[in-house]
Amino acid sequence: MAIRFPPGFLWGAATASYQIEGGWRDDGKGESIWDRFSHTPGKVQDGDTGDVADDHYHRWQSDIELMKDLGLNAYRFSTSWPRVLPNGYGKVEPRGLDFYSRLVDGLLDAGVQPWITLYHWDLPQALEDRGGWPSRETAFRFAEYAEVMARRLGDRVKNWITLNEPFVAAALGYYYGIHAPGRTSGEDAAAATHHLLLGHGYAAPVIRRDSAGSQVGITLNYSPMHPATDSEEDHFAAQIHDAFVQRVYLDPLAGRPYPHEALATRGFRMDMAQGDDMTRIATPIDFLGLNNYSRDVVAAGREVWGEPSPDDGVARTEMGWEVYPQSIYEMLMRVAREYPFKALYVTENGAAFPDRVGPDGQVDDPRRVAFLRDYISQAGRALAEGAPLKGYFVWSLLDNFEWAFGLSKRFGLYYVDYGTLARIPKSSAKWYRRVIAENAVAGA
Ligand code: FCB
């Protein structure tokens, strides 16, 4: 049975600056924490870096052609803060800003709505050297950067996302240390959490002021937290994990306090708010972006984010993440039920599989097609049951630099040959083109 989407439903694809651009030193760009991290031996698988990545910085025009071929309504990309402000603040690099301005014009000419994410993890190294996100100053620098972007692009860009997955930025970057900048301090991670949210709270009204009529939101990662067994301990562990990963962001954005009690069970204290911080953080947003890939199965004593679940014979993507289409439905229903956000967008959903170019030069990826079909169907089900879902973005347009996994994980609708940088549409690209054209997805 086909699942139809309402007229005007937005179909998109997403990328992020460090993951696709390359050109890491071009046109006066400053160093980011991901440049520094990936250039540090042992931090990224196989020593891969984003120095070249997909070379999108030089191939953006042909990449827009790919988007046109897909019939994308919208393209979510991030802007690189150090490309525009090499020192993190102060002197603007006009060539960096011009790049994004040309990209935006190219997208509009192609009939693709630009959706900008201002922070997808590539903090200027100069700001990390001054303390990074654990420092309160970074929140204010972020708002200044947002102002530079909104002033230059705000006449044409009408959809803005302040931050991508602040949980991952704070926890993986400052606590687990497996992402840039690779720090491992609970106190730093807690401070980073607060200052990321504060940066959002200061930036959102600035964007609204300088980009008339725009929609401003933030994107969070979300995985339904399922207890591993029916035991009380596992139920409790799942609740705590939900608070740690999700409510610590959702609650203050909705004007509620941090979930202090739950956080305290793991020794986290969110006590760095000053003055009207919590009111700032709760500044009204036009939409909430949610990224979903799977659920987490949580057992007492094992609630560490990113730890692979036991080998229980379930289908998994190449990331080791369980294929669990219902997670997107559960996410949308829970957020719609418990939080007051007027509009929800799935700003990322997708899967890595070990794609290969066949002897005929084609890339056939039936597992990704099935994955997307089943997840999109579940998103449609949530919509039919009242979730205010307005659009959906596939992660990702192109295979790209998957953070600590380097170039080894392929999430794209387009295959990228890292030798020649050629792009090849996978079967999933052709399939997604049909979904967009029909505004519907055929069921399994
Ligand atoms: C998300 C990130 C995105 C990509 C996907 C696979 O957490 O936002 O950049 O790496 O995971």
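Residues numbered from 1 in each chain as written. Predicted model: local features only at pLDDT ≥ 70, side-chain atom pairs only at ≥ 80, totals over all residues. Heavy atoms only, no water.

## Describing the packing of aromatic side chains
Here is step 1: With the rule as written, the count across this model stands at 38 aromatic pairs.
Here is step 2: Plain terms: the ring middles of Tyr18 and Trp34 are 6.1 Å apart, the flat faces sit at 35 degrees to each other, and that makes the pair tilted. Of this pair, Tyr18 sits in helix 1 (residues 17-20) while Trp34 sits in helix 2 (residues 33-38), and the two are 16 residues apart along the sequence. Just as Tyr18 is buried, Trp34 falls in that class too.
Here is step 3: Residues Phe371 and Tyr375 carry aromatic rings whose centres are separated by 4.0 Å and whose planes lie at 20 degrees to one another, so their mutual orientation is stacked. Here Phe371 pairs with Tyr375, and both are found in helix 14 (residues 366-384), just 4 residues apart, close to one helical turn. Here the two residues Phe371 and Tyr375 agree in accessibility, since each one is buried.
Here is step 4: An aromatic cluster of three or more residues is present, and its members are Tyr18, Trp34, Phe37, Trp121, Phe401 and Trp403. (Phe/Tyr/Trp six-rings, centres within 6.5 Å; stacked < 30°, edge-to-face > 60°. Helix = DSSP H or I, 4+ residues; strand = E, 2+ residues; numbered from the N terminus. Buried < 20%, exposed > 50% of the residue type's maximum accessible area, 1.4 Å probe, protein only.)

## Some words on the pairing of strand 5 (residues 159-164)
Here is step 1: When you tally the buried positions in strand 5, you get 6 out of 6 residues, the bulk of the element.
Here is step 2: Of the strand pairs in this sheet, strand 4 (residues 113-119) and strand 5 are connected by 4 bridges, and their pairing is parallel. Bridging from a neighbouring strand, Thr117 pairs with Ile161 of strand 5.
Here is step 3: Bridging between strand 5 and strand 6 (residues 215-221) involves 4 bridges; their strand directions are parallel. What sits directly across from Asn164, in strand 6, is Thr219. (Pairing = 2+ DSSP bridges.)

## A short note on the site of the ligand
Here is step 1: The environment of the ligand is formed by Gln19, His120, Trp121, Asn164, Glu165, Tyr293, Glu348, Trp395, Glu402, Trp403 and Phe411.
Here is step 2: Side-chain polar atom of His120 to an oxygen atom of the ligand: 2.8 Å apart, as the coordinates give it.
Here is step 3: Side-chain polar atom of Asn164 to an oxygen atom of the ligand: 2.9 Å apart, as the coordinates give it.
Here is step 4: Here the ligand, which alone exposes 290 Å², has 94% of that area covered by the protein.
Here is step 5: Of the residues in the shell around the ligand, the class split is 5 nonpolar, 3 polar and 3 charged. (Near = heavy atom within 4 Å. Polar contact = N/O pair within 3.5 Å; in protein donor to acceptor, adjacent residues only side chain to side chain. Areas by Shrake-Rupley, 256 points an atom, 1.4 Å probe, with all protein chains shown as cover. Nonpolar A, V, L, I, M, F, W, Y, C, P; charged D, E, K, R; others polar.)

## Re helix 13 (residues 326-338)
Here is step 1: Spanning 13 residues, helix 13 covers 18 Å between terminal C-alpha atoms, matching the ideal 18 Å at 1.5 Å per step.
Here is step 2: Those residues of helix 13 hidden inside the fold are in contact with helix 10 (232-253), strand 8 (287-291), strand 10 (344-348), helix 14 and strand 11 (389-395). (Expected span 1.5 Å × (residues − 1). Contact = heavy atoms within 4.5 Å.)

## Here we look at the sheet that holds strand 10
Here is step 1: Taken together, 8 strands build a closed barrel; the order of strands is 2-3-4-5-6-8-10-11 and the barrel is parallel. Strand after strand, the sheet turns through a mean of 25 degrees between neighbouring axes, direction not considered.
Here is step 2: In this sheet, strand 4 lies alongside strand 3 (residues 74-78) in parallel orientation, the contact comprising 5 bridges. Paired with Phe77 across the strands is Ile116, a residue of strand 4.
Here is step 3: Strands strand 8, strand 10 and strand 11 of the sheet are contacted by helix 13, whose axis makes an angle of about 145 degrees with strand 10. (Axes fitted to C-alpha atoms, helices over the stretch in contact; angles between N-to-C directions.)

The values reported here are purely geometric and, on their own, carry no functional implication.
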